[in-house]
Amino acid sequence: MRKTKIYGHRGSKGSFPENTLLSFEQAIKQGVDGLEIDVHLTKDGEVVVIHDEFLDRTTNGSGLIKEYDLKEIKKLSAGSKFTELELYEPHWQQETVPTLQEVFQLLAPYNIDLNIELKTYLVNYEEIEEKVLAIVNQFGNSRKVIYSSFHLPSLIKLKQLDASANIAWLLNQPDTHLKEYMDGLNFESLHINKDIVLSDRSHWTHLSSHIRVWTANSREEIQQLLEMSVNSIITDYPERALSLRNERKT
Ligand code: G3P
Ligand code: MG
């Protein structure tokens, strides 16, 4: 039987500052099969790894990412806002917003998947698809890279630019003809909100090998998705999901 993969959501977001190299390192140490990261473009066109369009929630900066050059963003702390996390340590303040290149450099020794989510539905980042593909071609050819987005035009463009790209359509609401869309657009997989899948599990069984489900965090949710043999579980608590998967084997 195919093994469900465990992907760390923004690294190990439940315990470490999201989308930082520290968070990715910790998820790798825990043994993840893949990482999910979010990307935006700076004013000077660099691909940076951060979740929101604004700097305010996760850094000590303020304003839209697209209004700052990389050099300015690099001066900010991406760890100092996370004092409420149980494991918080003062050295987290030194974490910065990573570039996509830095993530690939960190991942170089490890054979794990990388899911790059393009945050393109609110801000129009000119040629972000081309820039991301260029970085992947430079650094990431030997690993499985999956591109996802809530913004369908970005995914269609990625596929036009690189017919071999693994594309995953991100969905927050149910739709009746998903498999047809997926096949028609030549997309590899669907990334679906766990509430949609878990509220009607029998509906999704036939697609389970194609779906990665986010963001499943509780033991119960993770167990249910493991029972369904979904392709992958994207979780803030990869350690928990990995240990539940291991328990099932014994
Ligand atoms: O890629 C799955 C998930 O990350 C999508 O939602 O808001 O956490 O990026 P969000
Ligand atoms: Mg995401």
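Residues numbered from 1 in each chain as written. Chains lettered and ligands numbered in written order. Predicted model: local features only at pLDDT ≥ 70, side-chain atom pairs only at ≥ 80, totals over all residues.

- If you check an unreviewed UniProt entry, the chain appears there as Glycerophosphodiester phosphodiesterase from Aquibacillus rhizosphaerae.

**Notes on the overall build of the chain**
Here is step 1: Assigned secondary structure in the chain consists of 10 helices and nine strands.
Here is step 2: For the chain, the C-alpha radius of gyration of 18 Å lies close to 18 Å, the compact-globule estimate for 250 residues.
Here is step 3: Dimensions of the chain, computed from the C-alpha atoms along their principal axes, are close to 50 × 40 × 30 Å.
Here is step 4: Counting every position in the chain, which comprises 250 residues, the buried fraction comes to 43%.
Here is step 5: Look at the contacts in the chain between residues 6 or more apart in sequence, and 51% of them connect residues 24 or more apart. (Helix = DSSP H or I, 4+ residues; strand = E, 2+ residues; numbered from the N terminus. Rg over C-alpha atoms; globule rule 2.2 N^0.38 Å. Buried ≥ 20, exposed ≤ 12 C-beta atoms within 10 Å, placed from the backbone. Contact = placed C-beta atoms within 7 Å.)

**Section: the UniProt feature "domain: GP-PDE" (unreviewed entry) in the chain**
Here is step 1: Those places that UniProt annotates as "domain: GP-PDE" (unreviewed entry) correspond, in this numbering, to residues 4-245.
Here is step 2: Secondary structure content for residues 4-245 is 32% helix and 19% strand, and the end C-alpha separation is 8 Å. (UniProt positions renumbered as here; feature names shortened; annotations may be inferred.)

**Quick notes on the environment of Asn60**
Here is step 1: Locating Asn60 in the fold gives a position in the loop between β3 (47-49) and α2 (70-73).
Here is step 2: By the C-beta count within 10 Å, which is 14 here, Asn60 ends up partly exposed.
Here is step 3: Asn60 sits 72 residues away from Val132 along the chain, and the two C-alpha atoms are 26 Å apart.
Here is step 4: Ignoring anything within four residues of it in the chain, the contact list for Asn60 reads Leu76, Ser77, Ser80 and Lys81.

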